[in-house]
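Letter by letter, the chains look like this.
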Amino acid sequence: MASVNKVILIGNLGQAPDVRVTNSGMKIAEISIATSSFYKKDNQRIEKTQWHTVTLWGRLAEVVEQYTTKGSSVYVEGRLEHEKWQDQNGTTRYTTKIVAETVQLLDKRTR
């Protein structure tokens, strides 16, 4: 049976990309994307913001490093990955992130 692991996000960067280089010379970028939804409570419009960590490899990392900054609008397609790790105190922690497969820059100045 086939399966699907696909995430699509449209949002804004919360900060400039964090770019690193592997020992083999490949770039890796991490970006934090905010998405918002709205609902009404007691006749008031409430905004709920979710933050998503996205990892980009190779050419995608180079593109976001060169053309995005805090506040940039982006469209990202990718897949979910879950990581299990231990902090300094030995406590088991879990992280969910998105590994990007496609990125489109939505700001007019970057097209």
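Novice: Would you mind going over the pattern of salt bridges with me for this structure?
Specialist: Between side chains of opposite charge, a pair can form when the charged atoms approach closely. The tally for this structure, following the rule as stated, stands at eight salt bridges. Across the pair Lys 97 and Glu 83 runs a salt bridge, and its minimum N-O distance is 2.9 Å. Here Lys 97 is found in strand S6 (residues 92–105), whereas its partner Glu 83 is found in strand S5 (residues 73–86), with 14 residues between them in sequence. Its relative accessible area of 14% is what places Lys 97 among the buried residues. In this structure, Asp 87 and Arg 93 form a salt bridge, with 3.0 Å as the shortest nitrogen-oxygen distance. Linked through salt bridges whose partners overlap, the residues forming this network are Arg 79, Glu 81 and Glu 101.

Novice: What's the story with the side chain of Lys 97 in this structure? I'm lost.
Specialist: Within polar-contact distance, the side chain of Lys 97 engages the side chain of Glu 83 at 2.9 Å. Look past the residues within four positions of Lys 97 in its chain and what remains in contact with it is Thr 53, Thr 55, Arg 79, Leu 80, Glu 81 and Glu 83.

Novice: Can you walk me through the pairing of strand S1 (residues 7–13) in this structure?
Specialist: On a regular strand, one side chain projects to one face of the sheet and the next to the other, so that they alternate. Note that S1 and S5 share six bridges and pair antiparallel. When the sheet's bridge partners are listed, Ile 8 is paired in S5 with Glu 77.

Novice: What is the right way to read the environment of Gln 15 from this model?
Specialist: In this structure, Gln 15 sits in the loop between S1 and strand S2 (18–21). Assessed through its relative accessible area of 47%, Gln 15 is described here as partly exposed. For the pair Gln 15 and Asn 43, spaced 28 residues apart in sequence, the C-alpha to C-alpha distance is 33 Å. Excluding its chain neighbours within four sequence positions, the residues that come into contact with Gln 15 are Thr 69 and Lys 70.

Novice: Hey, could you run me through the pairing of strand S3 (residues 27–41) in this one?
Specialist: Bridging between S1 and S3 involves two bridges; their strand directions are antiparallel. Counted as the bridge partner of Leu 13 is Ile 33 from S3. Relative to S3, S2 runs antiparallel, the two being bridged by four bridges. Bridging across to S3, Asp 18 finds its partner in Glu 30. Between S2 and the antiparallel strand that follows it, S3, lie five residues; Gly 25 among them carries a positive phi value of about 95°.

The rules behind each value
- Residues numbered from 1 in each chain as written.
- Predicted model: local features only at pLDDT ≥ 70, side-chain atom pairs only at ≥ 80, totals over all residues.
- Heavy atoms only, no water.
- Salt bridge = Lys/Arg side-chain N within 4 Å of Asp/Glu carboxyl O.
- Helix = DSSP H or I, 4+ residues; strand = E, 2+ residues; numbered from the N terminus.
- Buried < 20%, exposed > 50% of the residue type's maximum accessible area, 1.4 Å probe, protein only.
- Polar contact = N/O pair within 3.5 Å; in protein donor to acceptor, adjacent residues only side chain to side chain.
- Contact = heavy atoms within 4.5 Å.
- Pairing = 2+ DSSP bridges.

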